Amino acid sequence: MPSIGSYDVIVIGGGHAGCEAALASGRMGMKTCLFTMNVDSIAQLSCNPAIGGLAKGHLVREIDALGGQMAMITDLAGIQFRILNRSKGPAVWSMRAQADRSLYKFYMKDALDNAPNLGIKQAAIEELLVDDNKITGVITASGETYEARAVIITTGTFLNGLIHVGLTNYPSGRAGEFPSIKLSDSLMRLGFKMGRLKTGTPPRIDARTIDFSKTTPQWGDDPPEPFSFSTREITNPQLPCYITYTNETTHEFIRASLERSPLYSGVIKGVGARYCPSIEDKVVRFSDKPRHQVFLEPEGLHSKEYYLNGISTSLPVDLQLQLVRSIDGLAGAEIVRPGYAIEYDCVYPTQLRHTLETKAIDGLYLAGQINGTSGYEEAAAQGLMAGINAVLKINEQPPLILQRHDAYIGVLIDDLVTLGTKEPYRMFTSRAEYRLLLRNDNAEMRLRDIGRRAGLVSAEDYGRFAAKRTLIEEEMSRLKTQKANPDDINDALTALNTAPIGEKTTLEQLLKRPEVTYDFIEKLFPAPSLHGLPLDARQFIETEIKYEGYVRQQERVVERMKKLEFKQIPPDFDYRAISGLSREVLGKLEEVRPETVGQAGRIPGVTPAAVALLMVVIEKMKRIKSDGFYT
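These figures come from a predicted structure and were not determined experimentally.

K.L.:
An account of the packing of helix α11 (residues 443-454) against helix α12 (residues 459-481) is requested, with residue identities and associated values reported.
P.N.:
Remark: α11 packs on α12, axes separated minimally by 11 Å, with the N-to-C direction vectors making an angle of 145°. Two packed elements cross with a definite hand, and for α11 against α12 that hand is left-handed. When α11 is examined against α12, the residues Glu444, Met445, Arg448, Asp449 and Arg452 are found in contact with a partner set consisting of Ala459, Asp461, Tyr462, Phe465, Lys468, Arg469 and Ile472. Partitioned by chemical class, the residues of the contact of α11 with α12 number five nonpolar, no polar and seven charged.

Laid out in structure tokens, this is it:
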């Protein structure tokens, strides 16, 4: 059938990965089309009504710094904002926001509708068109063909999706929506190695049936700190969440009901998320725990539904109701929407390059849960990078590959394409070995220039950033040079229970003390030119000074690492030509086909000795080539 439309980039799927990919492509000048099975479900918060969290908040800030959309939409839809891990060091502080589901969808759809070069079509894509290992287009369920120079698949849980509620199951990509079956078949026919994963969601209950007097309210920060560097203030009313707990009655009931659980009766075959287990898993695996925390999270400003974060379940609906009613404050609860588990197909991500382009099919990119990840934030980060790299490739420009020391996004993608995953991958701060360099407060400093060069950061936003960066540099210089007299500060230092000074001391040296904060310094020695410096900039200044020694130490480690990280391995490198490699190492190297020596060293099972051999052979090849004997 002849093509009825032609695009530079086609994005399949309207979830968080698809939205970021489509926006990036359109804003970078490509004629783009986003295909989704239901236009009304674009940017759906399918699971919990929240954005961010431990390490995930870092991803959202990095998306924003690069010019992505998620942080700005969160600020527009946010109804509670909190900084997590305040009691720990700033490297692991993480931002989290409750979002109004309806507002989030509305504002993201509005951004897509008003983006340049971007169209939206409601259609199911069932087949990929490939010619000589190069993507050429797609075919819809109704038989229309659309040509494309690049295709980005962001199908979430829709590939062969199967929902489980008790021992009943039915095909679905999400509650109430059809799955994508034939697209999964198309990928298999193209030779991709596929896996099967599982995730789940808890019941939603009617707020009017909750006894909030038996729960503990949890308010957000006041004032709320925005996610986006471009947001001036949060204007939505702010709502509390509420905390309650399961109890031994809950646990006894669940243990007695396991025979009706698809998880424990062998019905579900997919691998679930280790770090976000169902309540059935929690009770069985952590049998010594007398209770588990449950967060009652509001679904929106005008919704009467509450999301029960902490009790994801696939038990039958009648058992879910009994489970819920055993929890303090929920004795009279009515379920609006039951929880469920969903199995879906994924593509093993070691079949991807760091650009998220598949190694087998030129111009085909994968992003989001199809790559084995969990979470809105991980999906959005991949979608943004896939969109950027698809455009760069079409324009015959070098790809954008963030390294592990550049961003959590770099850690995420490197982990996926190097290590792979056999369970839903979730980002944690512990996965980033250089996390003191990858903080919430410095995401803009790290990535804004990159986003501007890519064409995703507006002149207005970049101008504000440049002005803020100048102010920060001026203030850092002032703190290094301005000195405090003992008579001007010792009383205040004594009040802080820190030792007085005996001679003039720079403000920088004072700020290095654990007891001294930037606000303390600025109150005593104000800098008039810094009026209105954002909170994240103040935090950045304080952290950079207090942790300067540790930061410099990590920077030195990064410099040493770069010698390996940027040593390229030829795409057609013959690993069998290296004598001395074990079969296990050889198999790992041939499966992943690392792009650099640094990546090779991170593959599980590839030993330091094997990396050393690889280095020797590559250096020998370079010498032979430079002498004119290598072809």
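K.L.:
So what's going on with the pattern of salt bridges? Which residues, and what values?
P.N.:
Within the structure shown, the criterion is met by 43 salt bridges. A salt bridge links Arg204 to Glu299; the nearest nitrogen and oxygen atoms lie 3.9 Å apart. Taken together, the positions of Arg204 in strand β13 (residues 204-206) and Glu299 in the loop between β16 (293-298) and β17 (305-309) put the pair 95 residues apart, joining distant regions of the chain. Here the two residues Arg204 and Glu299 agree in accessibility, since each one is buried. In this structure, Lys567 engages Glu619 in a salt bridge whose closest nitrogen and oxygen atoms are separated by 2.7 Å. Of the two residues, Lys567 is situated in the loop between α17 (548-565) and α18 (583-592) and Glu619 in helix α20 (residues 608-626); the sequence distance between them amounts to 52 residues. With a relative accessible area of 25%, Glu619 lands in the partly exposed category. Several salt bridges converge on common partners, so that one network encompasses Arg404, Asp414, Asp415, Glu433, Glu565 and Arg602.

K.L.:
Tell me about the pairing of strand β11 (residues 168-171), and name the residues and values.
P.N.:
Of the strand pairs in this sheet, strand β10 (residues 162-165) and β11 are connected by four bridges, and their pairing is antiparallel. Along β11, the bridge assignment pairs Leu162 with Pro171. Between β10 and β11, which pair antiparallel and follow one another directly, the connecting turn spans two residues, one of which, Gly166, has a positive phi of 65°.

K.L.:
Talk me through the sheet that holds strand β19 (residues 340-347); I want residue IDs and the actual numbers.
P.N.:
Backbone-to-backbone hydrogen bonds join strands into a sheet, with any given pair of strands oriented parallel or antiparallel. Overall, antiparallel pairing links the four strands, which are arranged β11-β10-β19-β12 in an open sheet. Strands at the two margins of the open sheet, each flanked by one partner only, are β11 and β12 (194-201). Averaged over all pairs of adjacent strands, the angle between strand axes in this sheet comes to 25°, irrespective of strand direction.

K.L.:
Please provide a residue-by-residue account of the layout of surface pockets, values included.
P.N.:
As a volume, the second largest pocket reaches approximately 580 Å³. Mapped onto the lining of the second largest pocket, the elements with two or more residues apiece are α11, α12 and α16 (535-546). A per-element tally of the lining of the second largest pocket places α12 first, with six residues. Residue composition of the lining of the second largest pocket, grouped by class: 11 nonpolar, five polar and 12 charged.

K.L.:
Run through the sheet that holds strand β5 (residues 94-99), naming residues and quoting values.
P.N.:
Pairing is antiparallel across the open sheet formed by three strands, whose spatial order is β3-β5-β4. With one partner strand each, in any of the chains shown, β3 (50-52) and β4 (78-84) form the two edges of the open sheet. Strand-to-strand twist in this sheet, taken as the mean axis angle between neighbours without regard to direction, amounts to 20°. The strands that helix α3 (residues 70-77) touches are β3, β4 and β5; relative to β4, the one it contacts most, it runs at about 120°.

K.L.:
Lay out the pairing of strand β2 (residues 32-36) with the relevant residues and their values.
P.N.:
Buried residues dominate β2, accounting for five of its five residues. Across the two faces of β2 the burial is the same, with Thr32, Leu34 and Thr36 and Cys33 and Phe35 all buried. Two elements, strand β1 (residues 3-12) and β2, share four bridges in a ladder whose sense is parallel. The partner of Ile10 across the bridge, within β2, is Cys33. A crossover connection joins β1 to the parallel β2 through helix α1 (residues 16-27); in handedness this β-α-β unit is right-handed.

K.L.:
Quick one: what's the story with the packing of aromatic side chains, residue by residue and with numbers?
P.N.:
Counted according to the given criterion, the structure contains nine aromatic pairs. Ring plane angle 65° and centroid distance 5.0 Å describe the contact between Phe35 and Tyr146, whose orientation is recorded as edge-to-face. Placement of Phe35 in strand β2 and of Tyr146 in strand β9 (residues 145-153) is noted, with a sequence separation of 111 residues between them. Residue classification places Tyr146 among the buried residues on the basis of a relative accessible area of 8%. Taken together, a centroid distance of 6.4 Å and an interplanar angle of 50° make the contact between Tyr547 and Tyr550 tilted. In this structure Tyr547 comes out as partly exposed when scored by relative accessible area, which is 28%. Judged by its relative accessible area of 52%, Tyr550 is exposed. Linked through ring pairs, Tyr7, Phe35 and Tyr146 together constitute an aromatic cluster. Stacked on the ring of Tyr245, the Lys or Arg Arg291 has its end atom at 3.5 Å from the ring centre.

Reading the values: the criteria
Residues numbered from 1 in each chain as written. Predicted model: local features only at pLDDT ≥ 70, side-chain atom pairs only at ≥ 80, totals over all residues. Heavy atoms only, no water. Axes fitted to C-alpha atoms, helices over the stretch in contact; angles between N-to-C directions. Helix = DSSP H or I, 4+ residues; strand = E, 2+ residues; numbered from the N terminus. Left-handed = near helix turned anticlockwise from the far one by under 90°. Contact = heavy atoms within 4.5 Å. Nonpolar A, V, L, I, M, F, W, Y, C, P; charged D, E, K, R; others polar. Salt bridge = Lys/Arg side-chain N within 4 Å of Asp/Glu carboxyl O. Buried < 20%, exposed > 50% of the residue type's maximum accessible area, 1.4 Å probe, protein only. Pairing = 2+ DSSP bridges. 1 Å grid on protein atoms, 1.4 Å probe; cavity = no way out; pocket = protein on both sides within 12 Å on 5 of 7 lines; lining within 4 Å. Points joined across faces, edges and corners; volume = space filled by probe spheres on them. Right-handed = clockwise from strand over helix to strand, strands pointing away. Phe/Tyr/Trp six-rings, centres within 6.5 Å; stacked < 30°, edge-to-face > 60°. Lys NZ or Arg CZ within 6 Å of the ring centre and 35° of its normal.

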